[in-house]
Amino acid sequence: MFRDSLPATVGRKPLQAAKFFGILGWFALSVLGFLRVLDGPGTGLLVDGQFLALVLTPLVAFVLVAVVCCETLYSLARVVRSDASLREQIEGRVGYVVLRGVEAAIGVGGVLLIASLVPALVAESTPAPAGVGIMLVAMAVGLGILVASLVRSTAELFVYGGSTSA
């Protein structure tokens, strides 16, 4: 069922498909890094696989939040320009609107939390174990952002496939 509808859905929703497959790819690379399949200098990587996943997960989440914010602003502009009332636009797709709002809220809140942790991380008096703890919190927040975006992309591709836009 999904295999037959996926190419048509990907054609209608290329941004969501790119987010969906990009996040799945990032999760695969992160798991391979944490399991040390992708490991340090012997494999051509500059740093250890676990460290790479630890540092890059918040950065990838930050880039993803930028995309989510842009598409949310674009959708809000379409809502404002539409002739239909806000109630008419939301009726019948409340679940979709909630998913989109939760994704945007988690994304923006997560980036603000990570940004508030950075000064503590770069402070000269921060001991190494505390720095690792801060990075673990940043990674957990980044994973939360990635999971929220994956849930919405999955819902848009497979549940709401042709009924919404952007």
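Residues numbered from 1 in each chain as written. Predicted model: local features only at pLDDT ≥ 70, side-chain atom pairs only at ≥ 80, totals over all residues. Heavy atoms only, no water.

## Topic: the nonpolar core
Here is step 1 of the chain: Counting 17 residues, the largest nonpolar core has Ile23, Phe27, Leu64, Ile145, Leu146 and Leu150 as the members making the most contacts within it.
Here is step 2 of the chain: Here this core takes six residues from helix α6 (residues 128-159), the largest share from any one element.
Here is step 3 of the chain: Excluding residues within four positions of it along the chain, Phe27 makes contact with Leu143, Leu146, Val147 and Leu150. (Core = buried A, V, L, I, M, F, W, Y, C linked by side-chain atoms within 4.5 Å. Buried < 20%, exposed > 50% of the residue type's maximum accessible area, 1.4 Å probe, protein only. Helix = DSSP H or I, 4+ residues; strand = E, 2+ residues; numbered from the N terminus. Contact = heavy atoms within 4.5 Å.)

## Some details on a nonpolar patch on the surface
Here is step 1 of the chain: Residues Leu29, Val31, Leu32, Leu35 and Val37 make up a contiguous nonpolar surface patch of about 450 Å² in total accessible area.
Here is step 2 of the chain: Structurally, Val37 can be placed in the loop between α2 (14-34) and α3 (49-81).
Here is step 3 of the chain: Relative accessible area serves as the criterion here: at 53%, Val37 is assigned to the exposed category. (Patch = residues over 30% accessible without salt bridge, like charges linked within 9 Å, V, L, I, M, F, W, Y side chains within 5 Å. Areas by Shrake-Rupley, 256 points an atom, 1.4 Å probe, with all protein chains shown as cover. Salt bridge = Lys/Arg side-chain N within 4 Å of Asp/Glu carboxyl O.)

## Structural notes on the state of the cysteines
Here is step 1 of the chain: Throughout the structure, instances matching the rule amount to zero disulfides.
Here is step 2 of the chain: No disulfide involves Cys69; its nearest neighbouring cysteine sulfur is the one of Cys70, lying 7.1 Å away.
Here is step 3 of the chain: Here Cys69 falls in the partly exposed class, since its relative accessible area comes to 28%.
Here is step 4 of the chain: Taking the relative accessible area as the measure of exposure, Cys70 reaches 53% and is therefore exposed. (Disulfide = S-S within 2.5 Å.)

## Here's the deal with the layout of surface pockets
Here is step 1 of the chain: Taken as a whole, the second largest pocket spans an internal volume of roughly 240 Å³.
Here is step 2 of the chain: Around the second largest pocket sit 13 residues that line it, and Pro58, Leu59, Ile114, Val118 and Ala138 are the ones nearest its centre.
Here is step 3 of the chain: When grouped by side-chain class, the residues that make up the lining of the second largest pocket number 13 nonpolar, no polar and no charged. (1 Å grid on protein atoms, 1.4 Å probe; cavity = no way out; pocket = protein on both sides within 12 Å on 5 of 7 lines; lining within 4 Å. Points joined across faces, edges and corners; volume = space filled by probe spheres on them. Nonpolar A, V, L, I, M, F, W, Y, C, P; charged D, E, K, R; others polar.)

## Re the packing of aromatic side chains
Two descriptors summarise a pair of aromatic rings, namely the distance from one centre to the other and the angle between the planes of the rings.
Here is step 1 of the chain: Within the structure shown, the criterion is met by two aromatic pairs.
Here is step 2 of the chain: The interplanar angle of 75 degrees and the centroid separation of 5.1 Å between the aromatic rings of Phe20 and Phe21 together place this pair among those described as edge-to-face.
Here is step 3 of the chain: Ring centres 5.8 Å apart and planes at 75 degrees place the aromatic pair Phe20 and Phe158 in the edge-to-face group. Placement of Phe20 in helix α2 and of Phe158 in helix α6 is noted, with a sequence separation of 138 residues between them.
Here is step 4 of the chain: With a relative accessible area of 11%, Phe20 lands in the buried category. (Phe/Tyr/Trp six-rings, centres within 6.5 Å; stacked < 30°, edge-to-face > 60°.)

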